[in-house]
Amino acid sequence: MATSITVRVQAKGGKFLADDIGGAEITIRDGHTGERLGGGLALGTDSGTIAGSYNPSNTSLSAIYTPADPPYTTSSSLQWLAVTSPTSGTTTPTSGLTVNLPKVTRPMLLAISALGPLGGLQSAHRAMLTQWIVPNQIISGNPGFIVELPGLLVQVLQPATHLAILSNNLPYNVPFQANVTMMCGCQINHHQPWVPGDFTVQAVISQVGSSDVIATVPLSFSGTASLFSNTWTLPAGSTGFYQAVITAVQASTGNIGTGTVTFFVKQS
C-alpha cells in the first residue's frame, strides 16, 4: 500500500493557488537527507470556498480577516477557506497535488516546499513546512496538507520599465500604477473579503545605485479592482537613472509585496 499526501497551497489570508494564477510547484524531500521523494504542480480550476464558520474541511492556517468596508475600522469579520464540496454528482477539482511516496518504509520527516504563484513569478515566494509520515499513511482527506504562502502580488503597470524622459520635457509627471492582489490572485475591491482600506501602497523613488530616498509617493485605490495609482513630478534639471520600488502592505495579515521599475532622463 502506497503512502500518499495531498498538498494544497493557500495564500496567507486568501484562497488556494489555482489554475487562474498558474498554481504552485510542490517539492517533497526527506527532511533528514534531502533526497527528493516526489512533487509536481498543484493545480485545479477551483480555489476553494469561503465559509462564515469553521468546520473540519476548512483550513486552519490562514483565516480571512475582513475589515469593515467602509470605513474599515468600526467592525470586522472572520472567515475560513474550505475545499469546495462536489455538487450534482460531479467532482470539483479544488487546486492541489496528490503525491504517492512508495519509498516510505519507516517513519520519515517530510520537508514539503511550495513555490508560487507560477503566474506571477515577479512576486513569487517559497515556503517550506515539515510533517512526519509513517508507512501506508494517507494524508488526503480535506483539506489535506496546507502550505501557507505569505506575500502580495505587485505588478507595476506604469511607468513602463526603461521609460526614457526627454530632458526638454522636464518637469515631467511620472505616472505610477500598480496592480495589487493576494497571492491567489484574488482582487482588492469594495465589498470583497479584501478591501482597499486594509492595504497601504507606495512608491519609494531613488537614483539607481543610491540608498538616498528622493521621494515617497502614496498610491491610492483607483476605484478599479486592485489598481492603485498616483503621479510624481520629476523636476527640471533632473539627470540620470531612477528606480521606484513599489511596496504593498496588508495591515490585517502583515503580507508584503514589492515591484520595481526603472526610468531615466535622456538628453534631447
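In the block above lies the structure referred to throughout.
A. Region of interest: the overall build of the protein chain. Per the secondary structure count, the protein chain includes 0 helices and 19 strands. With respect to the principal axes defined by its C-alpha atoms, the protein chain has extents near 75 × 45 × 30 Å. Expressed as a percentage of the 268 residues in the protein chain, the buried residues total 46%. Counting contacts in the protein chain only where the partners sit at least 6 residues apart, residues at least 24 apart contribute 68% of the total. Element-wise, carbon and sulfur atoms account for 52% of the exposed surface of the protein chain, whose accessible area totals about 12300 Å².

B. A look at the environment of Gln155. In this fold, Gln155 is placed in strand E12 (residues 152-158). Each residue touching Gln155, except ones within four places of it in the same chain, is listed here: Gln122, Gln177, Ala178 and Asn179.

C. The sheet that holds strand E9 (residues 125-133), seen in detail. Spatial ordering of the open sheet is given by E3-E2-E8-E9, a layout of 4 strands whose pairing is antiparallel. Both outer strands of the open sheet, strand E3 (36-42) and E9, are each paired with one neighbouring strand and no more. On average, each strand axis in the sheet is inclined to that of its neighbour by 20°, with strand direction left out of account. Where strand E2 (residues 24-30) lies against E3, 6 bridges are found, and the strand directions are antiparallel. Note on E3: the bridge partner recorded for Ile28 is Gly38.

D. Structural view of the sheet that holds strand E16 (residues 213-221). Reading across from one edge, E12-E14-E17-E16-E15-E18-E19-E13 is the order of the 8 strands in this open sheet, with mixed pairing throughout. Each edge of the open sheet carries a strand with a single partner, namely E12 and strand E13 (163-166). When strand polarity is set aside, the average angle formed by the axes of neighbouring strands in this sheet is 25°. Sheet topology note: the E12/strand E14 (residues 172-182) ladder contains 6 bridges and is antiparallel. Bridge pairing in E14 links Gln155 to Asn179.

E. Looking closely at the packing of aromatic side chains. Going through the model one piece at a time under the given rule, you end up with 4 aromatic pairs. Between the aromatic rings of Phe176 and Phe263, the centroid separation amounts to 6.5 Å while the plane-to-plane angle is 70°, which identifies the pairing as edge-to-face. A residue pair is termed long-range when its members are at least 10 positions apart, and Phe176 in strand E14 and Phe263 in strand E19 (residues 256-266) qualify at 87 residues. For Phe176, a relative accessible area of 1% gives the class buried. Centroid distance Tyr242 to Phe263: 5.6 Å. Interplanar angle 10°. Geometry classified as stacked.

F. Structural detail: the pairing of strand E1 (residues 4-11). Most of E1 is tucked away, with 8 of its 8 residues classed as buried. Bridge count between E1 and strand E10 (residues 138-139): 2 bridges; the pairing is parallel. If you follow Ile5 over to E10, its bridge partner there is Ile139. Sheet analysis places E1 next to strand E7 (residues 97-100), joined by 4 bridges and oriented antiparallel. Residue pairing across strands places Val7 opposite Leu97, the latter belonging to E7. Two elements, E1 and strand E11 (residues 145-149), share 5 bridges in a ladder whose sense is parallel. Looking at the pairing, Arg8 lines up with Ile146 of E11.

G. Quick peek at the nonpolar core. Grouped together as the largest cluster of nonpolar side chains are 58 residues, with contacts concentrated most on Ile5, Ile28 and Phe176. The leading source of residues in this core is E14, at 5 residues. In this structure Ile5 touches Ile28, Leu97, Thr98, Val99, Leu101, Leu110, Ile112, Ile139 and Phe145, once residues within four positions along its chain are discounted.

H. Local environment of the side chain of Asp46. Residue position: Asp46 is located in the loop between E3 and strand E4 (49-51). Among buried charged residues, Asp46 stands out as having no salt bridge; its nearest opposite-charge side chain is Lys15, 6.2 Å away. There is a polar contact of 2.5 Å between the side chain of Asp46 and the side chain of Thr84.

I. Structural view of unusual backbone geometry. Here the bond from Gly116 into Pro117 is cis, since omega is 0°, no more than 30 degrees from zero. Topologically, Pro117 is positioned in the loop between strand E8 (108-116) and E9. Of note, the amide linkage connecting Gln158 to Pro159 takes the cis form, showing an omega dihedral of -5°. Take Pro159: it is sitting in the loop between E12 and E13. Notably, Asn136 is not glycine yet its phi reads approximately 70°, a positive angle. Its location among the elements puts Asn136 in the loop between E9 and E10.

About the criteria used
- Residues numbered from 1 in each chain as written.
- Predicted model: local features only at pLDDT ≥ 70, side-chain atom pairs only at ≥ 80, totals over all residues.
- Heavy atoms only, no water.
- Helix = DSSP H or I, 4+ residues; strand = E, 2+ residues; numbered from the N terminus.
- Buried < 20%, exposed > 50% of the residue type's maximum accessible area, 1.4 Å probe, protein only.
- Contact = heavy atoms within 4.5 Å.
- Areas by Shrake-Rupley, 256 points an atom, 1.4 Å probe, with all protein chains shown as cover.
- Pairing = 2+ DSSP bridges.
- Axes fitted to C-alpha atoms, helices over the stretch in contact; angles between N-to-C directions.
- Phe/Tyr/Trp six-rings, centres within 6.5 Å; stacked < 30°, edge-to-face > 60°.
- Core = buried A, V, L, I, M, F, W, Y, C linked by side-chain atoms within 4.5 Å.
- Lys, Arg positive; Asp, Glu negative; His and termini not counted.
- Salt bridge = Lys/Arg side-chain N within 4 Å of Asp/Glu carboxyl O.
- Polar contact = N/O pair within 3.5 Å; in protein donor to acceptor, adjacent residues only side chain to side chain.

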